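Overview (structure and organization)
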Amino acid sequence: MTPASGGRALSVMLWQLSTEAEGERISIGDLLAALGDRATAALMFIFAFPNVLPTPPGTSTILGAPLIFLAAQLMLGRAPWLPAFVAKRSMSRADFRRLVKRIVPWLVRAESLLRPRLALLARPPMEYLIGVLSLLLAVLLVLPIPLGNMLPALAISLLALGVMERDGVWVLAGFAAAVAGVSLVSGVVFAMAKAAVYFFAQLG
């Protein structure tokens, strides 16, 4: 399948990286180099989407840190780059293959629906606004808030795919998911704060 942006589909690239590359481990820097000029949006999707699925506790914190850097670069219109302490993070080839096996079926379905439309919503200067929103969502993703990672992760995933394939419809869907995610997180934080106030009031 050839994506709207030209070249190989992201699902194909990820599958080939997981099955054909050599070495016992694969680093974030390896992914950055392999994905080329599509790396910012592609890596945002790769690090965000696993948080939409059931994952072990703490996963969002690990995957959220690279997201913060990538979203900041999208916001500033910079070429994809990660500091050495992030780029050198790695996982075993087997773990990466398992991760890709979880992502690819969903990604293939998404790629069949993505196409260039309402492209102004997925290009600069809107792309910078998407970066600002993604940065906010990435910060929420890192915070240990109950039920606070799924919707922000979904929003970042939709926005990243929309930017990557210049599909404004997916960008709009990402904005809608972002509003829902921020509303949910705000509600959870408010409820936690209210419960804490009540608890301390009872102690008094």
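Residues numbered from 1 in each chain as written. Predicted model: local features only at pLDDT ≥ 70, side-chain atom pairs only at ≥ 80, totals over all residues. Heavy atoms only, no water.

Once that is clear, we can look at the side chain of Ser-157. For Ser-157, the location among the structural elements is in helix H8 (residues 150–165). You can call Ser-157 buried: its relative accessible area is 3%. Other than its neighbours up to four places away in sequence, Ser-157 contacts Phe-45, Ala-48, Phe-49 and Val-52. (Helix = DSSP H or I, 4+ residues; strand = E, 2+ residues; numbered from the N terminus. Buried < 20%, exposed > 50% of the residue type's maximum accessible area, 1.4 Å probe, protein only. Contact = heavy atoms within 4.5 Å.)

Another aspect to go through is the packing of helix H7 (residues 126–142) against helix H9 (residues 168–203). Where H7 contacts H9, the axes come no closer than 11 Å and their chain directions differ by 30°. Between H7 and H9, the interaxial angle falls into the category roughly parallel. The way H7 lies across H9 gives a crossing that is left-handed. Residues Met-126, Ile-130, Leu-133, Leu-137 and Leu-140 of H7 form the contact with H9, whose participating residues are Val-171, Phe-175, Ala-178, Val-182 and Val-185. Per-class residue counts for the contact of H7 with H9 are 10 nonpolar, no polar and no charged. (Axes fitted to C-alpha atoms, helices over the stretch in contact; angles between N-to-C directions. Parallel < 35°, antiparallel > 145°, perpendicular 65-115°, else oblique. Left-handed = near helix turned anticlockwise from the far one by under 90°. Nonpolar A, V, L, I, M, F, W, Y, C, P; charged D, E, K, R; others polar.)

Once that is clear, we can look at unusual backbone geometry. Following Pro-124, the chain continues to Pro-125 via a peptide bond in cis, the omega torsion being 5°. Inspection of the secondary structure assignment puts Pro-125 in the loop between helix H6 (93–113) and H7. One non-glycine residue, Leu-118, lies in positive phi territory at about 45°. Looking at the element boundaries, Leu-118 is found in the loop between H6 and H7. When its relative accessible area of 48% is taken as the criterion, Leu-118 is described as partly exposed. A positive phi is found at Arg-166, a non-glycine position, where the angle reads about 55°.

Attention now moves to the nonpolar core. Residues Leu-10, Leu-35, Leu-43, Phe-45, Leu-67 and Leu-161 are the most contacted members of the largest nonpolar core, which totals 55 residues. Setting aside anything within four residues of it in sequence, one finds Leu-161 in contact with Phe-45, Leu-107, Ala-110, Leu-114 and Trp-170. (Core = buried A, V, L, I, M, F, W, Y, C linked by side-chain atoms within 4.5 Å.)

A separate point is helix H3 (residues 39–48). Because the α-helix completes a turn every 3.6 residues, residues three or four places apart line up on one side. Burial runs high along H3: 10 of the 10 residues are buried. Within H3, burial applies to Ala-39, Thr-40, Ala-41, Ala-42, Leu-43, Met-44, Phe-45, Ile-46, Phe-47 and Ala-48.

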